[in-house]
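Close look at the chain arrangement
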Amino acid sequence: MNAKTGAKAPAAKVQRNLFRWRKIGAKHVVTNDHGAHTFLDDEQLDELITGRVKAGTPLYEEMRQKGFLLEDTDIQRVADAYDRKVSFVYRGPVLHILVVTLRCNEVCTYCHASRSNMSETETDMSITTAEKCVDMALRSPSNTMTIEFQGGEPLANYEVVQHVVEYGSAQAQARGKRVMFSLVSNLALMDETKLDWLVQNRVQISTSLDGPKDLHDRNRKLVGGSAYDRTVFWMKRINEAYVAAGLDPQLYHVEALATITREHLSRAKDLVDEYVKNECRAIFLRPLNPFGFAKKTGEKVSYTATEFLTFYNEALDYVLQKNRDGVEILERLGAIFLSKIMTPDDPNYLDIRSPCGAGIGQIAYNHDGSIFTCDEGRMVYQMGDEVFRIGSVDTLTLKDVVTSETVKSMAMASCLDGLPGCAACAYKPFCGTCPVFNYTEQGNIFPQNSTNSRCTIYMGIQDRLFRELQSEDPTVRGIFQRWITVKDRPEFMHDGRHLGPS
Ligand code: SF4
Ligand code: SF4
């Protein structure tokens, strides 16, 4: 009302933002592009769809605040929220995977990397090639990045690992960049001298732990010994070394990954117990990839999406129970989705984002300097198909890589807004599709979602998480809130503070 004239102010113009919904339990989960969500009953959803939500009601205010209904003054705020949610697209490649050798001292039933024997030193990366990879990585527009050592077993080419850390750290400082070095190792070649150097040079270490000894040793064979014994021995030693170096054990500890095979399906609790026993603070329940040796041994180790989801839900129940009992352990895959659902940011997990990270968020460098969209693309190459090979570090610039036809195709194939099925899915703002997986499972980098097992798994996991959120159990909310709290590890960041031993 205008106080002077008494004339009524014109009603604010309101428009509906694009939204999608899916029935979960008694209510519908309703989402929009910038990742806001709400739960509506049948009547409320009908009001939203038909434009009957009355101004001034609590529902109207909630819909405005979350950006489902837009008055003119809301548009910039919602646009900014969307910009923030997808800000990863501006950062360029932040993960650079160096396959420093294909040699490996273990033989795993599901090996993705297509290993070579320890005598095949021709599959070692040279120092010259390694420096070219580091130079390319540091040309990324991002000021912060990770260089990850993969294999084979990277400790089999330890000399190059050391050189990359020293060279990369110095080059990063010279260019004003911050770089983290991450070693993914089975730890069987670790010794005290290497451990001392790696801790002093702040190289983050992660490993594979596939469960209790019988399960781990059946999956991962180490000639002349138990792979499990070596792994858990060194996990303990690394954690002790971090403490001795004055690092906070809450933040600095070995991360372990499990590869879930058919044998795990009936052993969910055993697996979680093993992680708790080894003082892990996270467990990552990743479904098996059909790459590398895993395809050949597929029937023995693989399972259906439904079987995986049954396992996942049982394991998640148990992880939540452990948390209720006071044990702080998070499930990483669930935590990635929860970060997207419960915060205004995206955690930039490169395999679950839209578009995915292939070439624009990560690059994999093979031992001979060949460049791939990602490590999974390299694994397909090791199987004899070079579709995801972009070229060589000897001849390409970073710009050549990012603007290559291969990378553009991957971005198109993983941009969910343009994919039938995904474009209308309530989980589009939080989800991702993997073109390498689609190509391997379905023969096309574009997914056919009705039969795509990864889609079934991601949908099932998000159904479960939204069911938990809808229940409004304060204990579960508190656990989830802890899981999504980002904890920086500044001591692992090479930013000129620690060049060489600190
Ligand atoms: S293609 Fe697949 S593995 Fe490669 S970056 Fe994209 S999602 Fe990740
Ligand atoms: S992959 Fe499946 S769950 Fe994910 S957005 Fe697409 S249709 Fe939805």
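Position labels on residues start from 1 in each chain and follow its written sequence. Each chain gets a letter, beginning with A, and each ligand a number, beginning with 1, in the order they are written. Confidence filtering applies because this is a predicted model: local features only for residues at pLDDT of at least 70, side-chain atom pairs given and counted only at 80 or more, and all residues used for totals across whole chains, interfaces and linings.

**Thoughts on the overall build of the chain**
Test applied: A run of H or I in DSSP becomes a helix once it reaches four residues, and a run of E becomes a strand once it reaches two; helices and strands are each numbered from the N terminus. Partly exposed residues are those falling between the two cut-offs: more than 12 but fewer than 20 other C-beta atoms within 10 Å of their own, whereas 20 or more means buried and 12 or fewer means exposed, with C-beta atoms placed from the backbone. Two residues form a contact once the distance between their C-beta atoms, set from the backbone, is within 7 Å.
Looking only at helices and strands, one finds 19 helices and 19 strands in the chain. Projected onto its principal axes, the C-alpha coordinates of the chain cover approximately 90 × 50 × 50 Å. A buried classification covers 45% of the 502 residues belonging to the chain. Sequence-distant contacts in the chain: of pairs separated by 6 or more residues, those separated by 24 or more amount to 69%.

**A word on the nonpolar core**
Our working definition: Throughout this description, the term nonpolar core refers to a group of buried Ala, Val, Leu, Ile, Met, Phe, Trp, Tyr and Cys residues whose C-beta atoms join them within 7 Å. Each domain's extent is set by a domain assignment, obtained either automatically or from a database.
Residues Leu98, Ala315 and Tyr365 are the most contacted members of the largest nonpolar core, which totals 123 residues. Top contributing element to this core by residue count: helix 8 (residues 227–244), with seven residues. Both domains that meet at this core, namely domain 1 (14–85) and domain 2 (91–392), each give it at least three residues. Each residue touching Tyr365, except ones within four places of it in the same chain, is listed here: His96, Ile97, Leu98, Val99, Cys133, Ile371 and Val393.

**Quick notes on the sheet that holds strand 3 (residues 27–32)**
Definition in use: Note on pairing: DSSP must find at least two bridges between two strands before they are called paired. Where helices are involved, their axes are fitted lines through C-alpha atoms of the stretch in contact, as for all axes, and angles between N-to-C directions lie from 0 to 180°.
In space, the three strands of this open sheet follow the order 2-3-4, with antiparallel pairing throughout. Looking at strand neighbours, the two that pair on one side only are strand 2 (19–24) and strand 4 (37–40), the edges of this open sheet. This sheet shows a mean twist of 25 degrees between the axes of neighbouring strands, independent of strand direction. Looking at chain direction, strand 3 and strand 4 are connected through four bridges and run antiparallel. From the neighbouring strand, Val30 faces strand 4, where its bridge partner is Thr38.

**Observations concerning the site of ligand 2**
As a reminder of what qualifies: Nearness between a residue and a molecule or strand is assessed with a C-beta atom placed from the backbone; a distance within 6 Å qualifies. Only Asp, Glu, Lys and Arg are considered charged in this grouping, and only Ala, Val, Leu, Ile, Met, Phe, Trp, Tyr, Cys and Pro are considered nonpolar; every other residue, Gly among them, is considered polar.
The local shell around ligand 2 consists of Leu416, Gly421, Cys422, Cys425, Tyr427, Lys428, Cys431, Thr433, Asn449, Cys455, Tyr458 and Met459. Per-class residue counts for the shell around ligand 2 are eight nonpolar, three polar and one charged.

**Observations regarding unusual backbone geometry**
The general pattern is negative phi for most residues beyond glycine and trans for most peptide bonds. That bond from Gly151 to Gly152 is cis: its omega, 20 degrees, falls within 30 degrees of zero. By the element assignment, Gly152 lies in the loop between strand 8 (144–150) and helix 5 (158–174). With an omega dihedral of -5 degrees, the bond running from Ser354 to Pro355 counts as a cis peptide bond. Relative to the helices and strands, Pro355 resides in the loop between helix 13 (332–342) and strand 16 (362–365).

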